[in-house]
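Fold and geometry: a report
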Amino acid sequence: MTTQSLYETLQARLKEERQRLMEQLEQVRARRESGNRLEGSPFGKREEEASETTELESLIAFEDSISEQLVGVERALEKFDKGTYGLCEKCGRPIEAARLEALPDATLCLSCKTAQAKDARAR
Ligand SMILES: [Zn+2]
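Everything in this summary refers to the structure shown in the same document. In this text the structure is predicted, and so the values were computed from the model without any measurement.

This brings us to the overall build of the protein. Assigned secondary structure in the protein consists of 4 helices and 0 strands. Across the protein, helices and strands are ordered from the amino to the carboxyl terminus as α-α-α-α. Evaluated residue by residue, the protein yields a buried proportion of 24% over its 123 residues. By sequence separation, contacts in the protein at least 24 residues apart represent 58% of the contacts at least 6 residues apart.

Structure, rendered in structure tokens:
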């Protein structure tokens, strides 16, 4: 596969991913909002409130993680417009094709990512 056709495939995958994440985010937000209304109900028992709070917390955590993924996907898609897609944000070298295939919104090449991971562990 040429780099060009690989990038086209990845761009299509990222667009699908963005669509999927946006739909997921909408569903989670709708559920969270209906949960918020339930929380204000005067009929809730203590135990039910506790489980609702836990569900609400996990919904919020889920929403955060979807938002984060969405930001990553959108940033990757913007790079297609700028012509910088597939380039490492740190060293500017092309990111390995296999890495992009596994992780289309990767921002760092494998060696920069490895270095970053080592850095994080050292801190
Ligand atoms: Zn790099």
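One can find Ala97 in helix α3 (residues 97-102). A relative accessible area of 39% places Ala97 in the partly exposed class. Note: C-alpha distance between Ala97 and Cys109 (12 residues apart in sequence) is 9.8 Å.

Further remarks concern the coordination of the zinc ion. Around the zinc ion, the protein contributes the donor atoms Cys88 (SG), Cys91 (SG), Cys109 (SG) and Cys112 (SG), which lie 2.3 Å from the metal centre. The coordination sphere of the zinc ion comprises 4 donor atoms, whose angles at the metal cover 105 to 116 degrees; the geometry is tetrahedral. Ordering the donors of the zinc ion by residue number gives the pattern C-x2-C-x17-C-x2-C.

So, about the nonpolar core. Membership of the largest hydrophobic core comes to 22 residues, with the highest contact counts inside it found for Tyr7, Leu10, Leu14, Phe80, Tyr85, Cys88 and Leu100. For this core, the elements supplying multiple residues, two or more each, are α1 (3-39) and α2 (46-82). When we break this core down by domain, the ones giving at least three residues each are domain 1 (1-85) and domain 2 (86-123). Filtering out sequence-adjacent residues up to four positions away, Leu100 remains in contact with Tyr7, Leu10, Tyr85, Gly86, Ile95 and Ala106.

This structure, assessed with the given rule, holds 2 aromatic pairs. Aromatic side chains Tyr7 and Tyr85 sit 5.1 Å apart centroid to centroid with 85 degrees between the ring planes, which places their arrangement in the edge-to-face category. Of this pair, Tyr7 sits in helix α1 while Tyr85 sits in the loop between α2 and α3, placing them 78 residues apart in sequence. With a relative accessible area of 16%, Tyr7 lands in the buried category. With a centroid separation of 4.0 Å and 15 degrees between ring planes, the pair formed by Phe80 and Tyr85 is classed as stacked. An aromatic cluster of three or more residues is present, and its members are Tyr7, Phe80 and Tyr85.

This next bit is on the side chain of Lys79. When you line up the elements, Lys79 lands in helix α2. Once residues within four sequence positions are removed from consideration, Lys79 is found in contact with Thr84, Tyr85, Glu89, Ala106 and Thr107.

Attention shifts here to the environment of Glu26. Considering the arrangement of structural elements, one finds Glu26 in helix α1. Here Glu26 falls in the exposed class, since its relative accessible area comes to 61%. Along the sequence, Glu26 and Glu63 sit 37 residues apart, while their C-alpha atoms lie 9.1 Å from each other.

Conventions used here
- Residues numbered from 1 in each chain as written.
- Predicted model: local features only at pLDDT ≥ 70, side-chain atom pairs only at ≥ 80, totals over all residues.
- Heavy atoms only, no water.
- Helix = DSSP H or I, 4+ residues; strand = E, 2+ residues; numbered from the N terminus.
- Buried < 20%, exposed > 50% of the residue type's maximum accessible area, 1.4 Å probe, protein only.
- Contact = heavy atoms within 4.5 Å.
- Donors = N, O, S within 2.8 Å, 3.2 Å for Na, K, Ca; no water.
- Tetrahedral: all angles 85-135°; square planar, octahedral: opposite > 155°, others 65-115°.
- Core = buried A, V, L, I, M, F, W, Y, C linked by side-chain atoms within 4.5 Å.
- Domains from an automatic or database assignment.
- Phe/Tyr/Trp six-rings, centres within 6.5 Å; stacked < 30°, edge-to-face > 60°.

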